[in-house]
Amino acid sequence: SERYNAREAEPRWQRIWDEQAIFVSKNDDSRPKYYVLEMFPYPSGRIHIGHVRNYTLGDVLARFMRAKGFNVLHPMGWDAFGLPAENAAIERKVAPKAWTYDNIAAMKKQLRSIGLSLDWSREFATCDPSYYKHQQKMFLDMLAAGLAEREKRKLNWDPVDMTVLANEQVIDGRGWRSGAVVEQREMSQWVFKITKYSQELLSALDSLDRWPDKVRLMQRNWIGRSEGLLIRFALDKATTPAGESELKIFTTRPDTLFGAKFMAISADHPLAQAAAAKNPKLAQFIADIKKIGTAQEIIDTAEKQGFDTGIRAVHPFDPSWKLPVYVANFVLMEYGTGAIFGCPAHDQRDLDFVNKYGLGNTPVVCPEGQDSKSFVITDTAYDGDGRMINSRFLDGMTIDQAKEEVAKRLEGELRGNAPVGERQVNFRLRDWGISRQRYWGCPIPVIHCPKCDVVPVPDDQLPVVLPEDVSFDKPGNALDHHPTWKHVTCPKCGGKATRETDTMDTFVDSSWYFARFTDPWNEAAPTTPAIANRMLPVDQYIGGVEHAILHLLYSRFFTRAMKATGHIALDEPFAGMFTQGMVVHETYQKADGTWVQPAEVKIEVGGNGRRATLLATGEDVQIGPIEKMSKSKKNTVDPDDIIATYGADVARWFMLSDSPPDRDVIWSDERVQGASRFVQRLWRLVNDAADLGKAAPAARPASFGPDATGLRKAAHGALDKVTSGVERLHFNVCLAHIREFTNTFSEVLQRPGQPTADLAWAIREASQILVQLFSPMMPHLAEECWQVLGQPGLVSEADWPQIERDLLVEDSVTLVVQVNGKKRGEVTVATAAQNPEIEAAALALDAVKLALDGKPVRKVIIVPKRIVNVVG
Ligand code: ANZ
Ligand code: ZN
């Protein structure tokens, strides 16, 4: 038979799938639903290889579940707002809208060439007014429900780019793009009240048992619940500015109170301000440390610095014990009370601090088994378990007992009318600031009126549409500079008013798109609750681990907010979550240090390993480490090139074959060529099988001989393993089983002579099973093969084959042989073998004899089908 020609076949099948609309999912379908979703792309202009991996993973599952009889929803859209469109406008003078939609058109064409089973009838972009109109409505619903609010916040302001920066965008105190020194500005921002759900968002993680543990842990840490004690320290009058009398701190370690050496407050703490008013040096110190910004990593890594305010605090258990109060750069105003007591022996930051300022330390927790008198701390704080020492009435207690004792005593003690101590639960999670001083985003639908304050845009005036006649000549928000757009009359009083010119964080756009896909045609409302409630949650969500925290957390919050405002009736949007690994590649560098693209390099494998030369000139190229594909190191491969050269099926097969989907996969041309050869091999095999299978009787033979039974066992065994493998997303394992079955099948086909009728029937059955097994991974090749086999219709629409369970019974089993609990070998015996036979086989192993070293066998314990343990 001829070679399989992917370049001709792939577009043809894509057209047929399209014309027959077989991947369009109907909302009135009575079959059980299955919703597969991959994180939708940002329309940057081109699909990259990471997209190909992401969408292929989802596509295998979608095609498989469709064959299993589910009403599969597998939609696609575009996360289309964001800064790059504005940058393109500034750099290349193209309108953000035109740039975005052009990119969408180009990328859609690329996505189609991958052969994905997507329902394009539901496509939308988040920058479509027909999408963001509903987002604006939901914002107003949330405003009315108290879930959106205006809040004054200290923000990182980039004076050159004229924008607020996220903490991550401040690097060494400077804006990541402009390099300008970032200022802290207090500004009114719109926030979503995600903290109302802190506890719920945390607790519900326990029920998400189809999420990676790693992701759940990241979310837990982000939400950051801690149980602790608020303690009001009295301030020593003589040292304290007028009007101040106490310092409230939050601690999770009240047990360590007798190890306290100092107090520390944030530069933004009112007490720091009060002290600085009379102390210019302190004022200067405060100004200096504020420059480093508020990014957590910077604070964590910056050298600990403090300034003694001269104020003294009084130890709550000893009125004669005075503690110095420092302003310190590692205490955040936004957490707890913005003040702490420092116990250097048991907290590394505090220890670094006292070692710098010579304040000493006293250990108060002694590890079990350690002599308390000789237990000293020098450079490393001890934060483990143990018993209390040097702590008066707490001595001898465990940490937990001491925490409880301190809490009880301080709760019971009154100063003024209030207890000195109060138990408190704190969360690290902050409300979600959504205001962005940017043009290319969803307008926040409110109007500011000098008389009526904030007025929601009335429903009948939604959407507030972005103007298109904007200029990017000046830095900052183009909406601010627009001559007319923001000037409106107040909907309430009819007076002169202005629109809000902030737009929403693009994370808002992606926090509910999965819900919109369930009924994107509804013009009147964001969702059609009856449909959304039936189609949601997403059964399997797939995307990069870089979105493990914010996007997933925001979506979980938004789903709850939509429930509170009546748009949906569920809490958790994603029942199953899967984070795929990256596609990585070797790097290549010329002698002068410049990076070279893989396509420009020729690799030769010789005696001394692999050698790389430049295709064009033959000069030597250094092979560098394997890294994430990036433009800067040029180690990227272009999906278009791969598809043009090998076809989409090869790219898909390769992506799935080498590594488990949650691990990184190393792109390698050699292995891609291997995948390409496998495609041709399958094609020949199916053609050969079709020829031999023609002789098969139509009716199933009454009985099968050993050859036919052997083939049928291999086919149904592979079917069983691939079925359960796909369900668990163990795609690489599935591919290994398909390859193994292909080998067995080839051997059968190569036997000389015409097959008997029963074998011919088994060959026909096996060839159908084989094609169906690889159809989710290589759908184009599978359609072509399906035709060769003379099957009616499309393999994309065929039901998944039925497994015949009685063919799965194994003839033999392999048991692990241990001597005194340690593995020494394996034995394979007939499934029907009795214990004495298994025992004899195990004891006959050389490795077992060696391990026994002449000692007598005392006992042999057999765990059926698994382990033989020889006790010597
Ligand atoms: C005394 C102490 C002794 C502490 C000790 C720790 C260890 P989590 O678990 O994250 O809630 N802390 C409190 N507020 C702070 C702030 N605004 N900025 C910086 N640090 C702050 O951490 C709670 C602990 O972090 C608190 O317990 C406090 O230090 C510190 F051996 O109090 B601890
Ligand atoms: Zn008004």
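Just so you know, these numbers come straight off a predicted model, no measurement behind them.

## Brief notes about the site of ligand 1
- Neighbouring residues of ligand 1: 18 residues in total, closest Ser226, Thr251, Leu332, Tyr335 and Arg428.
- One of the side-chain N or O atoms of Ser226 is found 2.4 Å from an oxygen atom in ligand 1.
- Contact with the protein chains hides 87% of the accessible area of ligand 1, taken as 650 Å² for the molecule alone.
- Assessed atom by atom at 2 Å from the grid points, ligand 1 resides in the second largest pocket.

## Brief notes about the coordination of the zinc ion (ligand 2)
- Taken together, Cys449 (SG), Cys452 (SG), Cys490 (SG) and Cys493 (SG) make up the protein donors of the zinc ion (ligand 2), found 2.2 to 2.4 Å from the metal.
- In this structure, the zinc ion (ligand 2) is surrounded by four donor atoms whose angles at the metal cover 106 to 113°, and the resulting shape is tetrahedral.
- Counting along the primary sequence, the residues that act as donors to the zinc ion (ligand 2) give the motif C-x2-C-x37-C-x2-C. Of this pair, Cys452 sits in the loop between strand 21 (446-449) and strand 22 (453-456) while Cys493 sits in the loop between strand 23 (487-489) and strand 24 (496-499), and the two are 41 residues apart along the sequence.
- Exposure remark for Cys493: the relative accessible area of 35% places this residue in the partly exposed category.

## Things to note about the sheet that holds strand 7 (residues 183-192)
- Pairing in this open sheet of four strands is antiparallel, and the strands run 4-3-7-19 from one edge to the other. Either end of the sheet is taken by a strand with one partner, and the two such strands are strand 4 (163-165) and strand 19 (432-433).
- By the bridge criterion, ten bridges tie strand 3 (residues 148-158) to strand 7 in an arrangement that is antiparallel. Along strand 7, the bridge assignment pairs Arg150 with Trp190.
- With respect to the sheet, helix 5 (residues 129-144) is in contact with strand 3 and strand 7, its orientation differing from that of strand 7 by roughly 95°.

## A look at the packing of helix 20 (residues 669-693) against helix 23 (residues 757-774)
- Relative to each other, helix 20 and helix 23 sit at 150°, their axes nearing to 8 Å. Regarding the angle of helix 20 to helix 23, the classification is roughly antiparallel. Seen along the crossing, helix 20 lies across helix 23 with a hand that is left-handed. In this structure, helix 20 contributes Leu682, Leu685, Val686, Ala689, Leu692 and Gly693 to the contact, and helix 23 contributes Ala760, Ile763, Arg764, Ser767, Leu770, Val771 and Phe774.
- Looking at the contact of helix 20 with helix 23 residue by residue, the class counts come to ten nonpolar, two polar and one charged.

## Examining the packing of aromatic side chains
- Tallied over the full model, the rule gives 43 aromatic pairs.
- For the ring pair Trp653 and Phe678, a centre distance of 5.2 Å and an interplane angle of 25° mean the geometry is stacked. Of the two residues, Trp653 is situated in helix 19 (residues 648-657) and Phe678 in helix 20; the sequence distance between them amounts to 25 residues.
- Phe678 sits in the buried class, given a relative accessible area of 7%.
- Geometrically, the ring pair formed by Phe704 and Trp761 is tilted, given 5.6 Å between the ring centres and 50° between the ring planes. Of the two residues, Phe704 sits in the loop between helix 20 and helix 21 (706-727) while Trp761 sits in helix 23, which places them 57 residues apart along the sequence.
- On the basis of relative accessibility, which here comes to 12%, the residue Trp761 falls in the buried class.
- Aromatic rings pair up to connect Phe40, Phe124, Tyr131, Trp512, Tyr513, Phe514, Phe517, Tyr541 and Phe574 into one cluster.
- Over the face of the ring belonging to Trp485 we find Arg499, whose NZ or CZ atom lies 5.4 Å from the ring centre.
- Of note, Arg712 hangs over the ring of Phe704, and the distance from its end group to the ring centre comes to 4.5 Å.

## Observations concerning the UniProt feature "domain: Aminoacyl-tRNA synthetase class Ia" (unreviewed entry) in the protein chain
- The sites that UniProt annotates as "domain: Aminoacyl-tRNA synthetase class Ia" (unreviewed entry) are residues 430-616 and 628-667.
- With 18% helix and 27% strand, the stretch residues 430-616 has end C-alpha atoms that lie 55 Å from each other.
- Summarising residues 628-667: 45% helix, 8% strand, and an end-to-end C-alpha distance of 10 Å.

## Regarding the pattern of salt bridges
- Enumeration according to the criterion identifies 57 salt bridges in this entry.
- Among the ionic pairs, Glu86 bridges to Arg438, the shortest N-O distance being 3.4 Å. Separated by 352 residues along the polypeptide, Glu86 in helix 3 (residues 83-92) and Arg438 in the loop between strand 20 (435-436) and strand 21 bring together distant segments of the chain. Taken as a pair, Glu86 and Arg438 share a single burial class, namely buried.
- With a closest N to O distance of 3.4 Å, Glu149 and Lys193 form a salt bridge. Here Lys193 lies in the loop between strand 7 and helix 6 (198-203) and Glu149 lies in strand 3, a separation of 44 residues in the sequence.
- According to the relative accessible area criterion, Glu149 is partly exposed, its value standing at 33%.

## Let's talk about the environment of Gly725
- Among the structural elements, Gly725 can be located in helix 21.
- Along the chain, Gly725 and Leu735 lie ten residues apart, while their C-alpha atoms are 9.4 Å from each other.
- Those residues in contact with Gly725, other than ones at most four positions away along the chain, are His730 and Cys734.

## Remarks on the side chain of Ser198
- Among the secondary structure elements, Ser198 is positioned in helix 6.
- Here the side chain of Ser198 touches Thr195 through a polar contact of 3.0 Å, landing on its backbone oxygen.

## Looking at empty space enclosed by the protein
- Per the counting criterion, the structure on display carries two cavities of 30 Å³ or more.
- Arg63, Ser775, Pro776, Val795 and Ser796 are, among the 13 residues lining the second largest cavity, the residues nearest its centre.
- Contributions of two or more residues to the lining of the second largest cavity are made by helix 2 (49-67) and helix 24 (779-788).
- A total of three residues in the lining of the second largest cavity trace back to one element, the largest contributor, which is helix 2.
- Taken together, the residues that form the lining of the second largest cavity break down as eight nonpolar, three polar and two charged.

Cut-offs applied
- Every chain begins its residue count from 1, and numbering advances along the sequence as written.
- Chains carry letters from A onward and ligands carry numbers from 1 onward, assigned in written order.
- Under the rules for a predicted model, residues below a pLDDT of 70 receive no local features and side-chain atom pairs below 80 are neither given nor counted, while totals for whole chains, interfaces and linings still include all residues.
- Computation of side-chain values: all heavy atoms of the structure, hydrogens and water removed.
- Nearness is judged by heavy atoms alone; a residue qualifies as near a molecule or strand once a single heavy atom is within 4 Å of it.
- Each polar contact in these results corresponds to two N or O atoms within 3.5 Å; when the atoms are within protein, one needs to be able to donate a hydrogen and the other to accept it, and residues that are neighboring in sequence are counted only if both atoms are side-chain atoms.
- Using a 1.4 Å probe, accessible areas were evaluated by the Shrake-Rupley method; residue-level cover was limited to the displayed protein chains.
- Within this scheme a cavity is a closed region of a 1 Å grid, computed over the protein atoms alone, that accommodates a 1.4 Å probe without allowing it to escape, whereas a pocket is open but has protein on both sides within 12 Å along at least five of seven lines; lining residues each have an atom within 4 Å of a point.
- Whether a molecule lies in a cavity or pocket depends on its atoms, and more than half of them have to be within 2 Å of the grid points.
- Shown as donors are all N, O and S atoms within 2.8 Å of a metal ion, widened to 3.2 Å for Na, K and Ca; because water is not in the atom set, sites may appear incomplete.
- Between 85 and 135 degrees for all angles marks four donors as tetrahedral; over 155 degrees for opposite donors together with 65 to 115 for all other angles marks four donors as square planar and six as octahedral; every other arrangement is irregular.
- Think of it this way: any DSSP run of H or I at least four residues long counts as a helix, any run of E at least two long counts as a strand, and we number them from the N terminus.
- Partly exposed describes any residue whose relative accessible area lies between the buried limit of under 20% and the exposed limit of over 50%, with all areas from a 1.4 Å probe on protein chains only and scaled to the type maximum.
- When DSSP finds two or more bridges between a pair of strands, those strands are recorded as paired.
- Two residues form a contact once any of their heavy atoms are found within 4.5 Å.
- All axes are obtained by fitting lines to C-alpha atoms, using only the stretch in contact for helices, and the reported angles, taken between N-to-C directions, cover 0 to 180 degrees.
- When describing relative orientation, an angle under 35 degrees is termed roughly parallel and one over 145 degrees roughly antiparallel, while 65 to 115 degrees is termed roughly perpendicular and anything else oblique.
- The hand of a helix crossing depends on one turn: near helix anticlockwise from the far one by less than a right angle means left-handed, and clockwise means right-handed.
- Here the term charged refers only to Asp, Glu, Lys and Arg, the term nonpolar to Ala, Val, Leu, Ile, Met, Phe, Trp, Tyr, Cys and Pro, and the term polar to all other amino acids, Gly among them.
- We call Phe, Tyr and Trp rings a pair once their centres come within 6.5 Å, taking the six-membered ring for Trp, and we label the pair stacked below 30 degrees between planes, edge-to-face above 60, and tilted otherwise.
- By definition, being over a ring means that NZ of Lys or CZ of Arg is both within 6 Å of the ring centre and within 35 degrees of the ring normal.
- UniProt positions are given in the numbering used here, feature names are shortened, and annotations may be inferred rather than shown by experiment.
- We count a salt bridge whenever a side-chain nitrogen from Lys or Arg sits within 4 Å of a carboxyl oxygen from Asp or Glu.
- Grid points are joined across faces, edges and corners, and a volume is the space filled by probe spheres set on the points.

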